Amino acid sequence: MSRRAASYDESDVRVRPGKGTRPRTKQRPSHDDAEQGMVVSVDRGRWGVVLGGDPDRRVVTMRARELGRTPIVVGDDVSVVGDLSGKPDTLARIVRVAERRSVLRRTADDSDPYERIVVANADQLLIVTAMADPPPRTGFVERALAAAYVGGLSPILCLTKSDLADPAEFTAAFADLDLPVIRAGRDDPIDDILDALRGHITAFIGHSGVGKSTLVNRLVPDAYRATGVVSGVGKGRHTSTQSVALPLPGTGIPRGWVVDTPGIRSFGLAHVGPDDIIAAFDDLRDAIEECPRGCTHLGPPADPECKLDDLEGHSYRRGMAVRHLLAAVSGTLSDDDAVPAADESPS
């Protein structure tokens, strides 16, 4: 043994601590002190959240590790911990996502199984449609109505550019669905729209170029949403690229939120079935309980025993309007099909 080795003692030995010095546990913090908030924006792994419904208390958050890949979208009610000061360069954590009260979903097309959540927890859907430039499309409105009924949202039809064309013929197709209609032309006052939106979370949806962002800027002057022009082929340019929730002007809480969604050119409904749409109407839902198994509720000749045909009065007219909606959504509606007029319904 060398002289150097013989001079070693225990003080010369360094012992590396083991990795298991602290017992592992699957218990997670309860986060009882978490503050409640609503997601108002999403951008590249960061979520903007307003605390307590107060637009002035906004924080930037990340998703906590324990949530994994849990999807978080605009409108979600969440629990937040960490630095809640909202100061620049601070980051809080979302530790819980509450159960959603409503969900507006769509797919890329009717054969796409992947559902995309547009917005969560909205209680109203404002379907923005232009009367001209680009011309109105009943198919888009019908699909948006179906998504609203299935998702638990109350639909409202909003007509822009109504100074360029008379909307009476277009709106007549939806008269028996008890669908509220609001005009929002350039010269129309916005008081009626503000009254309908105040105190609610309302998602705006519409084709590109229908004036949706222009309407948002009128309702929320500080929104500064980008607006574009309509091309020569009647299609608008996408000016809203991300969903964002904007507070309506005023004082007090709640004062209402507008959720501006990206303009879309297709609205797939692969996740929607006939019974899902009819279930939104209490009187029709009770009637179809007596329908034979496999009934698609489209009436003769496909469904000669559909119980929607046994309804009377306003329920019958609404049933026929919903049947028209089902046919339009399923692609079985022909140019000769029409919703029966009021005097064609059973008395």
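Overview of the structure. Residue numbers here run from 1 along each chain, matching the order of that chain's written sequence. The predicted nature of this model means local features are confined to residues of pLDDT at least 70 and side-chain atom pairs, given and counted, to a pLDDT of 80 or more, with totals for whole chains, interfaces and linings taken over all residues. To obtain the side-chain values, all non-hydrogen atoms of the structure were used and water was disregarded.

Strands here are runs of E lasting at least two residues and helices are runs of H or I lasting at least four, both read from the DSSP assignment and numbered beginning at the N terminus. One fewer than the residue count of a helix, multiplied by 1.5 Å, yields its expected span. End to end, helix H8 (residues 313-330) covers 26 Å across 18 residues, agreeing with the expected 26 Å (1.5 Å per residue, within 8%). For each residue, the accessible area found with a 1.4 Å probe, counting protein chains only, is set against the maximum for its type, and the residue is called buried under 20%, exposed over 50%, and partly exposed in between. Most of H8 sits out of view: 13 of its 18 residues are buried.

On to helix H2 (residues 138-151). An α-helical segment advances 3.6 residues per turn. Residues three or four places apart therefore align on the same side. When the terminal C-alpha atoms of H2 are compared, their 20 Å separation across 14 residues agrees well with the 20 Å that a helix rising 1.5 Å per residue should span. Most of H2 sits inside the fold, with 11 of its 14 residues counted as buried. Restricting attention to buried positions, one finds in H2 the residues Phe140, Val141, Glu142, Arg143, Ala144, Leu145, Ala146, Ala147, Ala148, Tyr149 and Gly151. Of the residues trailing H2, Gly152 is marked for its positive phi of about 90°.

Once that is clear, we can look at the nonpolar core. The tendency in soluble globular proteins is for nonpolar side chains to be buried side by side. Here, nonpolar core refers to any group of buried Ala, Val, Leu, Ile, Met, Phe, Trp, Tyr and Cys residues whose side-chain atoms link them within 4.5 Å. Ranked by size, the top nonpolar core spans 54 residues in total, and within it Leu104, Leu125, Ile127 and Leu145 carry the most contacts. Ranked by residue count, the leading element in this core is H2, at 8 residues. Residue contacts are counted whenever heavy atoms from the two residues lie within 4.5 Å of one another. Among residues more than four places away in sequence, those in contact with Leu145 are Ile127, Pro155, Phe174, Leu177, Leu179 and Leu325. Core analysis: the second largest hydrophobic core is formed by 22 residues, Val128, Ile156, Leu219 and Val244 among them.

Right, let's talk about the packing of H2 against H8 for a bit. The geometry of H2 relative to H8 is characterised by a closest axis approach of 9 Å and an angle of 110° between their N-to-C directions. In this view, H2 runs roughly perpendicular relative to H8, as classed from their interaxial angle. For the pair H2 and H8, contact is made by Glu142, Arg143, Leu145, Ala146 and Tyr149 and by His324, Leu325, Ala328 and Val329, respectively. Under the scheme applied, nonpolar residues are Ala, Val, Leu, Ile, Met, Phe, Trp, Tyr, Cys and Pro; charged residues are Asp, Glu, Lys and Arg; polar residues are all the others, including Gly. Residue composition of the contact of H2 with H8, by class: 6 nonpolar, 1 polar and 2 charged. Interaxial angles span 0 to 180 degrees and are taken between N-to-C directions of axes, which are lines fitted to C-alpha atoms, for helices over the stretch in contact. Any angle between 65 and 115 degrees counts as roughly perpendicular, while under 35 counts as roughly parallel, over 145 as roughly antiparallel, and the rest as oblique.

The subject of this paragraph is the pattern of salt bridges. Salt-bridge detection follows one rule: a side-chain nitrogen of Lys or Arg within 4 Å of a carboxyl oxygen of Asp or Glu. According to the stated counting rule, one finds 11 salt bridges in the structure shown. Note that Arg318 and Asp178 form a salt bridge whose closest N and O atoms lie 2.9 Å from each other. Pair noted here: Arg318 is in helix H8 and Asp178 is in the loop between helix H3 (168-172) and strand E10 (181-183), with a separation of 140 residues, a long-range link. Looking at Arg318, the relative accessible area reads 15%, which means it is buried. Among the residues examined, Asp178 registers a relative accessible area of 43% and is labelled partly exposed. Put simply, Arg285 and Asp282 hold a salt bridge, and the shortest N to O gap is 2.9 Å. Separated by 3 residues within a single helix, Arg285 and Asp282 lie in helix H7 (residues 282-288), roughly one turn from each other.

Attention now goes to the pairing of strand E3 (residues 58-63). Any two strands with at least two DSSP bridges between them are considered paired. Where strand E2 (residues 46-51) lies against E3, 4 bridges are found, and the strand directions are antiparallel. Each residue of the ladder has a partner; that of Gly48, found in E3, is Val60. Counting the residues in the hairpin turn of E2 and E3 gives 6 residues, including Gly52, whose phi is positive at 60°. In terms of strand pairing, E3 meets strand E5 (residues 92-97) through 3 bridges, oriented parallel.

This part covers unusual backbone geometry. A cis amide bond links Pro300 with the next residue in sequence, Pro301, at an omega value of 0°. Residue placement: Pro301 occurs in the loop between H7 and H8. Of note, the phi angle at His31 is positive, near 55°, even though the residue is not glycine. Under the relative-accessibility criterion, His31 is labelled buried at 13%. Notably, Asp89 is not glycine yet its phi reads approximately 70°, a positive angle. Overall, Asp89 belongs to the exposed group, its relative accessible area being 86%.

All we've got here are geometric facts, nothing functional implied.
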